[in-house]
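Each chain, written out:
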Amino acid sequence: MELTMHFLFNLSLLIVLLFFCLLGVEKSNSHRVYKITAVLYFVVALIICNIFSYRLNDEMVLDLRIVPFLIGSLYMGLSPLLGLVLVSIRGLHGIDLGFFAGLIFYGLFSFLIWRISPWFYKRTSKQRILYSVSTTIVVSLMILIGIEILNVPIQTFDVWFAYMVVPPLGVAMISCSIEIINKNLLIRNHLVKSKKLEVVEQMGAAISHEIRNPLTSAIGFVQLMEDDSLEKETRAQYLAILKEELESAERVIQDYLTFSKPELESLEKLNVNEELSNVLKLLYPLANRNSVEFTSNFSAVGLIEGNRQKFLQCFINVMKNAIESMPSGGVLSIKTESTTQNITIIIQDTGMGMTKEQVSRLGEPYYTTKGGGGTGLGMMVVFSIVRAMKGTVHVNSDIGTGSVFEFSFKLCKPETQESYDESTVFLGNR
Ligand code: ADP
Ligand code: MG
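Numbering of residues starts from 1 in every chain and runs along the sequence as written. Chains and ligands are labelled sequentially in the order written, the chains with letters from A and the ligands with numbers from 1. Restriction of local features to residues with pLDDT of at least 70 applies here, the model being predicted, together with a cutoff of 80 or more for giving and counting side-chain atom pairs; totals for whole chains, interfaces and linings are based on all residues. Side-chain metrics in this entry use all non-hydrogen atoms of the structure; hydrogen atoms and water are not considered.

Quick look at the overall build of the chain now. The helix count covers DSSP runs of H or I at least four residues long, the strand count covers runs of E at least two residues long, and both are numbered beginning at the N terminus. Secondary structure assignment for the chain yields 12 helices and nine strands. The C-alpha atoms of the chain give 35 Å as radius of gyration, which overshoots the globular expectation for 430 residues (22 Å, by more than 25%). Once the C-alpha set of the chain is aligned to its principal axes, its extents read approximately 110 × 50 × 40 Å. Counting the 430 residues in the chain, one finds 41% classified as buried. Atoms considered for the radius of gyration are the C-alpha atoms alone. The globule rule reads 2.2 Å times the number of residues to the power 0.38. To sort residues, take the accessible area from a 1.4 Å probe on protein chains only and compare it with the maximum for the residue type: under 20% means buried, over 50% means exposed, and anything in between is partly exposed.

Next comes the structure, spelled out in structure tokens:
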């Protein structure tokens with residue numbers, strides 16, 4: 001059973017190679033990588049079959065080339081390339097009569113399989129496995145008949161067993177693996193598509209809810225303001241509310257835009273202390289309404305690289321959550337600290353805090369504990385902006401005590417540094 005053992009060893013090499021290729025394809029998830037890996041696999045497999053071929057006599061060499069050749073040709077339509085590789089390998093042994101016979105044989109065989117390949121691919125998965133195994137059996141039989149006709153002295157049982165068992169077994173194993181990968185890829189693509197559809201559906205529902213509310217209330221105030229007899233003070237009050245409602249609608253739209261496109265389009269140098277002061281100014285009316293006091297200690301020095309709009313959006317979302325976690329007042333403290341390389345922004349509230357489970361779910365799309373009052377997008381946007389700015393976030397929270405959000409970003413070159421020191425910027429009326 002020398003030839004059978006030889007073929008089985010060769011087949012195990014092909015399977016091990018296939019295993020490594022599958023690992024590579026699994027990690028990359030790209031169609032191009034899948035195609036390139038497949039081409040490489042079949043070419044390398046043919047070379048392996050040649051290296052580990054079995055020399056029967058001076059003229060005759062037996063090997064498993066039929067396995068990679070058939071599978072690569074039927075599944076990937078690679079027969080012209082694989083035929084060329086086989087002819088080239090034969091050419092290395094000498095350009096003689098055998099070479100030209102091989103050229104004609106592989107030329108015709110490659111052309112035939114190349115024409116069959118599109119038809120083959122339209123069959124069902126089971127049919128494809130069945131057809132490839134049957135074709136291998138037919139080809140093996142043809143080789144065996146050829147050996148018998150040439151009357152080469154062989155150990156008949158060994159050669160017949162090797163050809164009738166190992167190549168069909170190899171083809172069955174490899175084609176089953178390809179079918180499984182194809183099925184997985186299809187399921188994965190289907191999942192991605194349905195996930196996208198789900199997001200669009202949720203987005204539609206959230207937009208109609210989150211944007212319609214402030215807009216309806218804004219329309220109401222515009223109608224009220226149409227009254228000419230309105231006092232100047234009341235009109236100013238209405239205008240302030242109108243502005244807030246429109247800003248809230250704008251924030252929801254901004255969150256959705258960042259959700260669908262988190263990359264930073266334009267980069268600029270940001271003075272963290274200045275930008276955070278701007279966020280505090282923007283949130284002052286909300287803090288005032290919740291009787292929240294701001295304290296700040298901006299001792300950091302340095303600039304970071306990022307997009308101003310997104311940076312503001314990120315910290316508005318974090319501080320808005322902090323203020324909302326203190327409905328009956330509290331203290332929101334904002335600190336910045338810097339080392340030679342990094343800047344840390346610490347945002348601490350004395351609000352209701354979160355459980356461990358809530359902390360771990362932060363950033364999950366549509367995760368909110370505010371019922372109809374929240375979108376569950378704020379923290380997701382925060383995380384995606386911090387990721388785009390190559391920063392990190394750490395959250396610590398205790399129920400009843402409050403939460404601490406610690407952000408860290410890399411500082412730009414140290415030439416343009418600026419110091420800033422402020423404490424207790426705004427005081428809300430408690
Ligand atoms: P939303 O504010 O619309 O609910 P977010 O993504 O901004 O959505 O926040 C998700 C959830 O995380 C909130 O509903 C809240 O339960 C929790 N959360 C976030 N920040 C804080 C905080 N500072 N204190 C307590 N809970 C918080
Ligand atoms: Mg929020």
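Should DSSP find at least two bridges between two strands, the strands are regarded as paired. The mixed open sheet is built from five strands, whose spatial order is β4-β6-β7-β9-β8. Two strands in the sheet have a free side with no partner beyond their single neighbour: β4 (292-298) and β8 (392-398). Mean inter-strand twist for the sheet, computed between neighbouring axes without regard to direction, equals 10°. When strand β6 (residues 330-338) meets strand β7 (residues 342-349), the two strands line up antiparallel, connected through seven bridges. Counted as the bridge partner of S338 is I343 from β7. Residue contacts are defined here by distance: any two heavy atoms, one from each residue, within 4.5 Å place the two residues in contact. Here, axes are lines fitted to C-alpha atoms. For helices the fit covers the stretch in contact, and angles between N-to-C directions go from 0 to 180 degrees. This element, helix α9 (residues 272-289), spans β4, β6 and β7 of the sheet and lies at about 175° to β4.

Turning our attention to the site of ligand 1. Nearness is defined per residue: one heavy atom within 4 Å of the molecule or strand is enough. Inspection of the region around ligand 1 gives 19 residues, with T368, T369, K370, T375 and M379 positioned closest. We call two N or O atoms a polar contact when they sit within 3.5 Å, provided that within protein one can donate a hydrogen and the other can accept it, with sequence-adjacent residues counted only if both atoms are side-chain atoms. For ligand 1, an oxygen atom lies 3.3 Å from a polar atom in the backbone of G378. Accessible surface is estimated by sampling points in the Shrake-Rupley manner with a 1.4 Å probe; for residues, cover comes only from the protein chains shown. When ligand 1 is considered free in solution it has 530 Å² of accessible area, and contact with the protein chains removes 94% of it. Residues are grouped as follows: Ala, Val, Leu, Ile, Met, Phe, Trp, Tyr, Cys and Pro are nonpolar; Asp, Glu, Lys and Arg are charged; all remaining types, including Gly, are polar. When the residues that make up the shell around ligand 1 are grouped by side-chain class, the tally is seven nonpolar, 10 polar and two charged.

Most of β4 is tucked away, with five of its seven residues classed as buried. Sheet topology places β4 next to β6; seven bridges connect them, and they run parallel. Paired with F294 across the two strands is L332, which belongs to β6.

One can describe the packing of helix α10 (residues 308-324) onto helix α12 (residues 378-388) by two numbers: an axis separation of 9 Å at closest approach and a directional angle of 140°. Considering the angle they form, α10 stands oblique to α12. Considering the relative orientation of α10 and α12, their crossing is left-handed. The residues of α12 that touch α10, namely those facing K310, Q313, C314, N317, V318 and N321, are G378, M379, V381, V382, I385 and V386. Its residues assigned to classes, the contact of α10 with α12 shows seven nonpolar, four polar and one charged. Put simply, angles under 35 degrees are roughly parallel, angles over 145 are roughly antiparallel, angles from 65 to 115 are roughly perpendicular, and the rest are oblique. Crossings are classed by handedness, with left-handed meaning an anticlockwise turn of the near helix from the far one by less than a right angle and right-handed meaning a clockwise turn.

This next bit is on the pattern of salt bridges. Should a side-chain nitrogen of Lys or Arg be within 4 Å of a carboxyl oxygen of Asp or Glu, the pair is scored as a salt bridge. Applying the stated criterion across every chain, the model contains 10 salt bridges. Put simply, R65 and D63 hold a salt bridge, and the shortest N to O gap is 2.9 Å. Put simply, E247 and K243 hold a salt bridge, and the shortest N to O gap is 3.7 Å. Linking E247 with K243, this pair stays in helix α8 (residues 232-260), spanning four residues, or about one helical turn. Taken together, the salt bridges that share partners define one network made up of E268, E275 and R308.

Take the nonpolar core next. Only buried Ala, Val, Leu, Ile, Met, Phe, Trp, Tyr and Cys residues count toward a nonpolar core, and they belong to the same one when joined by side-chain atoms within 4.5 Å. Residues L3, F7, Y41 and F42 are the most contacted members of the largest nonpolar core, which totals 50 residues. Elements supplying a minimum of two residues to this core: α1 (2-28), α2 (31-51), α3 (66-76), α4 (79-92), α5 (97-121), α6 (125-150) and α7 (156-225). Once residues lying within four places of it in the same chain are set aside, the contact partners of Y41 are L14, L17, L18, C21 and I174. Membership of the second largest hydrophobic core comes to 42 residues, among which are L276, L280, L283 and C314.

Take the side chain of N317 next. Relative to the assigned elements, N317 resides in helix α10. The contact partners of N317, leaving out residues within four places of it in the chain, are D255, G378, V381 and V382.

The next point concerns the packing of aromatic side chains. Here a Phe, Tyr or Trp ring, Trp counted by its six-membered ring, pairs with any other such ring whose centre lies within 6.5 Å, and the pair is stacked when the planes are under 30 degrees apart, edge-to-face when over 60, and tilted otherwise. Throughout the structure, instances matching the rule amount to 18 aromatic pairs. Aromatic side chains F7 and Y163 sit 5.2 Å apart centroid to centroid with 85° between the ring planes, which places their arrangement in the edge-to-face category. Of this pair, F7 sits in helix α1 while Y163 sits in helix α7, placing them 156 residues apart in sequence. Residue F7 is classed as buried on the basis of its relative accessible area, which comes to 1%. Y163 gets classed as buried once you look at its relative accessible area, which sits at 3%. Seen in terms of ring centroids, F69 and F109 are 5.6 Å apart; in terms of plane orientation they differ by 25°. Their pairing is stacked. One end of the pair, F69, is in helix α3; the other, F109, is in helix α5, and 40 residues separate them in sequence. Residues F69 and F109 agree in their burial class; the two are buried. Through a chain of ring-to-ring contacts, the aromatic side chains of F69, F105, Y106 and F109 assemble into a single cluster. The lysine or arginine in question, R128, covers the ring of Y121, its NZ or CZ lying 4.8 Å from the ring centre. Working rule: Lys NZ or Arg CZ, within 6 Å of ring centre, within 35 degrees of ring normal, means a charge sits over the ring.

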